[in-house]
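Chains, contacts and geometry: an overview
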Amino acid sequence: MELTGKRLVVTGANGSLGRAVVSKIEAFGGTAIKLDVHFGDGADEQCKSVDLTNQSQTKACFESIGDFDSVLNLAGGFAMGMSTYDASDEQWDHLFKLNVLTLRNTLKAAVPVLVSRGAGSIVNVGAYGALNGAADLSAYCASKSTVMRLTESLSEEIKHKGVNVNAVLPTVIDTAPNRAGMPDADFSAWVSPEQLANVICFLASDAASAVHGALIPVRGLS
């Protein structure tokens, strides 16, 4: 995988998947511009704290970055327990803010830059489980399904302008919070952050320049 000389913007960079993707980018010779709500000790000059649910903050952040080759939209969230007919809107609003609004604000800021330079790539994170609805996951499935449809629509809009847009569809990612939440699961069947990061970096590389509008399952052994 060759990313030498490329500048890649990574949203959600301080999460489990984000840290794995940043590590892979650097291993493949690229530079990661890291975006997240906050960073702990050890943050460097490439770390930018930003609330991606805030459109003006997101726009200002991207203006400060300068030129870049790719945007990897990893910011998002998961929750279960809401039925389709639940009277409360709290979880619905929360997941659409995390999964859809962050993506929309990022695309508004990033796409004009990539289109103006006539080259680049965008990689989003959908969910394999959102290919179909599931009981007590209506808000999550609906929000991730929206990410997937946005991926396809945007690809059709800008693929002839030199920018390829794709998404990965992971199953359960093997992270400490997921292990804590599902202690009886078979962790060996899950996808590791490093495995998923490899696929994301491939889609951001020139090797994937002919891949447009793909929703790529990354299932591990599940």
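One structure accompanies this document, and this report is about it.

Rules behind the numbers
Residues numbered from 1 in each chain as written. Predicted model: local features only at pLDDT ≥ 70, side-chain atom pairs only at ≥ 80, totals over all residues. Heavy atoms only, no water. Axes fitted to C-alpha atoms, helices over the stretch in contact; angles between N-to-C directions. Helix = DSSP H or I, 4+ residues; strand = E, 2+ residues; numbered from the N terminus. Left-handed = near helix turned anticlockwise from the far one by under 90°. Contact = heavy atoms within 4.5 Å. Nonpolar A, V, L, I, M, F, W, Y, C, P; charged D, E, K, R; others polar. Phe/Tyr/Trp six-rings, centres within 6.5 Å; stacked < 30°, edge-to-face > 60°. Buried < 20%, exposed > 50% of the residue type's maximum accessible area, 1.4 Å probe, protein only. Core = buried A, V, L, I, M, F, W, Y, C linked by side-chain atoms within 4.5 Å. Pairing = 2+ DSSP bridges.

Right, let's get into the packing of helix H2 (residues 55-65) against helix H3 (residues 90-117). At a minimum axis distance of 9 Å, the contact between H2 and H3 shows a crossing angle of 35°. Once H2 is placed against H3, the crossing between them reads as right-handed. Residues Gln 55, Thr 58, Lys 59 and Phe 62 of H2 touch H3, and the partners they reach there are Asn 105, Thr 106, Lys 108, Ala 109 and Ala 110. Residues belonging to the contact of H2 with H3 are distributed by class as follows: three nonpolar, four polar and two charged.

Our focus in this paragraph is the packing of aromatic side chains. One pass over the structure, following the stated rule, counts four aromatic pairs. Consider the rings of Phe 62 and Phe 68, whose centres lie 5.7 Å apart with planes at 70°: the pair is edge-to-face. Note on Phe 62: relative accessible area 4%, which makes it buried. According to the relative accessible area criterion, Phe 68 is buried, its value standing at 0%. Here Trp 92 and Phe 96 contribute two aromatic rings whose centre-to-centre distance is 4.8 Å and whose plane-to-plane angle is 25°, an arrangement assigned as stacked. Here Trp 92 pairs with Phe 96, and both are found in helix H3, just four residues apart, close to one helical turn.

Take the nonpolar core next. Within the largest apolar cluster, 28 residues are counted, with the highest numbers of intra-cluster contacts made by Val 10, Val 21, Ile 25, Leu 72, Leu 74, Leu 196 and Ile 200. Elements with a minimum of two residues in this core: strand E1 (7-11), helix H1 (16-27), strand E5 (120-125) and helix H6 (193-204). Broken down by element, the residue count for this core peaks at six residues, all from H6. Setting aside its immediate chain neighbours within four residues, Val 21 contacts Val 10, Leu 72, Leu 74, Ala 197, Ile 200 and Cys 201. If you look at the next biggest cluster of nonpolar residues, it comprises 22 residues, including Phe 68, Val 71, Ala 109 and Leu 154.

Among the eight residues that make up strand E6 (residues 163-170), eight are buried, leaving the element largely enclosed by the rest of the structure. Here E6 shows a buried face lined by Val 163, Val 165, Ala 167 and Leu 169 and a second buried face lined by Asn 164, Asn 166, Val 168 and Pro 170. Both E6 and strand E7 (residues 215-218) contribute to a ladder of four bridges, which runs parallel. By the bridge assignment for E7, Val 168 is matched with Ile 216.

Right, let's get into the environment of Leu 169. Within the element layout of this structure, Leu 169 appears in strand E6. Judged by relative accessible area, Leu 169 falls into the buried class, the value being 1%. Note: C-alpha distance between Leu 169 and Leu 131 (38 residues apart in sequence) is 8.9 Å. Here Leu 169 is in contact with Gly 126, Ala 127, Tyr 128, Leu 131, Met 148, Leu 215, Ile 216, Pro 217 and Val 218, once residues within four sequence places are set aside.

None of this, on its own, says anything about what the molecule does.
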